[in-house]
Amino acid sequence: MESKSWHAITSGEVMAALGSSRTMGLSDEEARSRLSRYGRNALAEVKRRGLLQELAAQFKEFLVILLLISAGISAAVGEGEDALIIAGIVILNAVLGVIQERRAENALDALKKMASPKARVIRSGQPRVVDASQLAPGDIILIEVGDSIPADARLIESGMLRVDASALTGESVPAEQSASAILPSDASLGDRVNMVYAGCSVVYGRGMGIVTETGMSTEMGKIASLLQEADEELTPLQRRLEALGRKLGVGAVALCAGVFVVGVLRHERPFDMFLTAVSLAVAAIPEGLPAIVTIVLALGVQRMASRNAIIRRLPAVETLGSASVICSDKTGTLTTNQMTVRRLYVPGRLLEVTGEGYSSEGRLTEAGRDVDCPSDPAISRLLSCAALCNDARLRNGDGGRIEMLGDPTEGSIIVAAMKAGIDKARLVEWAPRIEELPFESDRKRMTTVHRLPEAYLCCTKGAPDELIRVCAKWFDGTETRPLDDQLRGEIRAANVEMAEGALRVLGVAQREVSDLPPEISVESVESDMVFLGLVGMQDPARPEAAIAVKECLSAGITPVMITGDHKATAVAIARDLGIMTPGSVAITGAELGAMSDAELDEAVEHVSVYARVAPEHKVRIVDAWRRRGQVVAMTGDGVNDAPALKRADIGAAMGITGTDVAKGAADMILTDDNFATIVAAVREGRVVFENIKKSVQYLVSCNIGEILVVFAAIILGLPRPLLPIHILWLNLITDGLPALALGVDPPEAGIMSRRPRARQDDVLSGGAAVRLLVYGLSIAALGLLSFAVGLGWPGELDLSAERLLEAQTMCLLTMSFSQLFHAFNFRSETGSLFRVGPFANSKLVGAFLGSGLLQLVVTFVPPARRFLDLGDVHGAKLFDALTLAVIMIAVGELTKLFARTQEFRDRNGTTN
């Protein structure tokens, strides 16, 4: 069946198009036929990968493949222990990856749980209850309070029907539905008041609808399709490490092949040179890197969990630290998702109401001074009347939180009354309700009638413009007075001012009568009323959200609000939070839908607020930012957020108010629903990446030094300064503990004042490759110099077997300790070690001492020395070897001084 704009035609035309009847519905035979044609009213199953497929996927990364090749070569040449270590690391990394993925793909399962299992329909003229999965287009469904809508339907009847569609549309309050409305064909999802959609819930009233879409054709099904279509992509960290693996692999193979060829040309034994080349290849590829990255990410996960952010996929930690754009839902994320009365107006006076959400903590102020509400008749009467004309209830929920039952707008009025010392329960005892005139869309008011000890009180609330029409008087705090045109104009102006401040405004009026009219009707009750005032409420911004937005901006991160709410409301909240900056604009979903991808790409950097958007719009926004090279984080809580959460580089769902669908599609869950937690997570993500970068750069620079020292010696016609077993030992003691200690380095100051990394940046970007080459050359030069000193330089070189063994031992000592000292250089990329503190990282100090002790043990303990083919080095030679190693600290300081100077010149030149 081709989908139509059902909201743009009358309900009669819908029934005619679908071949159904209000009174008869579908026949059983026709229902079965349509079910066969259109399929079950259920979401399509997604075929999941098996355990073996998930495990095999973990071995596709280039670096992992290189490690497996290294393990195979090591085993082939007799280095079985090294092969086992490498294989163990790779297998452990794969198992951890599978465990993480096994916890991930549950978004569609959550969607299915949201579907109503039963539905009340009219079949063959008889009402009956059927499984929701058996609904077909054309079925007539009956709807009442508490129902979950089982399929998309066009309303054919509605009675005070209000539907909570916040999970689908992002609306902050339940929307009033109207079967009689006919809307433009391009009306946004949130504006289609004559439609109800699968997965939404009825909070008030009743209705009847004709099913228009079922299963995957529903709006919920479209979201499920978007989730299925969203391909799993590599995170920025995974892309960077894969790129690094390729660079290291190609470089290592080229250099080691060069070492082998040059050695053979210099008449070295081919097999010895093959072993040397293999050892260098193993050394060049940091086999401990996957394990170090996994451990660093896991520790980051633990720290973030303590800050109310649960990470579902390890690489998401670093990805969040790369975020340059945060696209955030408004309702429940940047706001409290609890309507709150902000202002009260009585003729001639404007009051502010403090406090947040459904908490009675707060007060009423006028011109900055507290108002004594019990002794202020105008305020007391306004709030008492509004509380009586009210169907909402408050109750104590879990954890001491106050829960609201009913319409959030009405709940906010009860809370405001509590702040003024007015208890609704006592009011109801004093003035019990005996009649009511429910809210209707044409008159936009509701009225309740209450029995007083000696009279009757009619309380009315509704749209201010409509309410003023039935008012003839106003209450000045002591008596009622005639309502003249001047005051009517003042009331309308106050209404406009409050509405422009993104407040939802209700007018309140009353009428006291000694006897009830013979018939309670709109005409007999809603006339000659006394105007009491206006109540302005909104879903307020979280107080901490403004601070978080400010931190985002200082960190170079662009916050963007995406909401299903109205544009004026969204803009007002965005201004309060600081999201709307000079030069930024707000657009609606309709305006977005009219843009091509190219037009959106051009405009996206200037749009701070998107209002009245549909789920597919959110995905387009995320894609547009990503095409601009940005790393995009998306926060949200509703079903409508799920596709964008999955499409974004990092999806963050709300833990308290978030739907299971949103949580299932997200990489991260905020357990406190606090936007400020995002900022803490970004900071932690940046720390994690910086520490991974420190570890990677340390490993790469050391491995460069190990390759170059052997290559240079062969080029210069010297004997090999390191044997294969020396290279493997060097790799073992310098690549493990020091690199891991750098992975948990304390964060540097000002980490949140830096610009985010570009998507294409990797761990060797920003001049790092040049610095690492300098470091590698320095390590190789110091090792080669130590080797030469061991052979008798600056005099004639002694190439006897005993002297060569001593020289190789000196080279190993210098190479190992120079790399251990070198680890301290990476505590800061450009800052002096003595400024950041050489002992601030106790784990690095421990790694230095532990690895250094191991090197001294194999140097001085005879059995270990013989096992590694080392000579006896002591006295002046030991001093010379260690003195040369310390020079690496000076090399690091000079390199960073040059970097700081260059950075200052670049900045100064830019400024000028």
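All values derive from a computational prediction rather than experimental measurement. (Residues numbered from 1 in each chain as written. Predicted model: local features only at pLDDT ≥ 70, side-chain atom pairs only at ≥ 80, totals over all residues. Heavy atoms only, no water.)

## Side note on the nonpolar core
- One finds Met561, Leu577 and Met668 to be the most contacted residues of the largest nonpolar core, which totals 105 residues.
- The element that contributes the greatest number of residues to this core is helix α27 (residues 675-715), accounting for 18 residues.
- Setting aside anything within four residues of it in sequence, one finds Leu577 in contact with Leu334, Ala541, Arg542, Ala545, Ala546, Val549 and Met561. (Core = buried A, V, L, I, M, F, W, Y, C linked by side-chain atoms within 4.5 Å. Buried < 20%, exposed > 50% of the residue type's maximum accessible area, 1.4 Å probe, protein only. Helix = DSSP H or I, 4+ residues; strand = E, 2+ residues; numbered from the N terminus. Contact = heavy atoms within 4.5 Å.)

## Focus: the pattern of salt bridges
- On inspection of all chains with the given rule, the structure shows 38 salt bridges.
- The shortest N-O distance in the salt bridge between Arg34 and Glu30 comes to 2.7 Å. With Arg34 and Glu30 both in helix α2 (residues 28-38) and four residues apart, this pair spans about one turn of that helix.
- The partly exposed category is assigned to Glu30, whose relative accessible area is 26%.
- Each member of the salt-bridge network shares a partner with another, and the members are Glu690, Lys693, Glu748, Arg754, Arg771 and Glu829. (Salt bridge = Lys/Arg side-chain N within 4 Å of Asp/Glu carboxyl O.)

## Some words on the packing of α27 against helix α28 (residues 724-735)
- Two numbers describe how α27 lies on α28: the axes approach to 11 Å, and their chain directions differ by 160°. Taken together, α27 and α28 sit at an angle that is classed as roughly antiparallel. For the crossing formed where α27 meets α28, the hand is right-handed. Between α27 and α28, the contacting residues are Tyr698, Leu699, Asn703, Glu706 and Val710 on the first element and Ile727, Leu730, Asn731, Thr734 and Asp735 on the second.
- Considered class by class, the residues forming the contact of α27 with α28 number five nonpolar, three polar and two charged. (Axes fitted to C-alpha atoms, helices over the stretch in contact; angles between N-to-C directions. Parallel < 35°, antiparallel > 145°, perpendicular 65-115°, else oblique. Left-handed = near helix turned anticlockwise from the far one by under 90°. Nonpolar A, V, L, I, M, F, W, Y, C, P; charged D, E, K, R; others polar.)

## What to know about a nonpolar patch on the surface
- Side chains of Leu785, Trp793, Leu797 and Leu799 sit close together on the surface and give an oily, nonpolar patch of about 370 Å² of accessible area.
- Here Trp793 is to be found in the loop between α30 (768-790) and α31 (801-825). (Patch = residues over 30% accessible without salt bridge, like charges linked within 9 Å, V, L, I, M, F, W, Y side chains within 5 Å. Areas by Shrake-Rupley, 256 points an atom, 1.4 Å probe, with all protein chains shown as cover.)

## Let's talk about the confidence of the model for the protein
- Averaged over all residues, the pLDDT of the protein equals 83, while 84% of them reach at least 70.
- Note that pLDDT drops below 50 for residues 103-116; the model gives that stretch 37 contacts with residues more than four away or on any other chain. (pLDDT = per-residue confidence, 0-100.)

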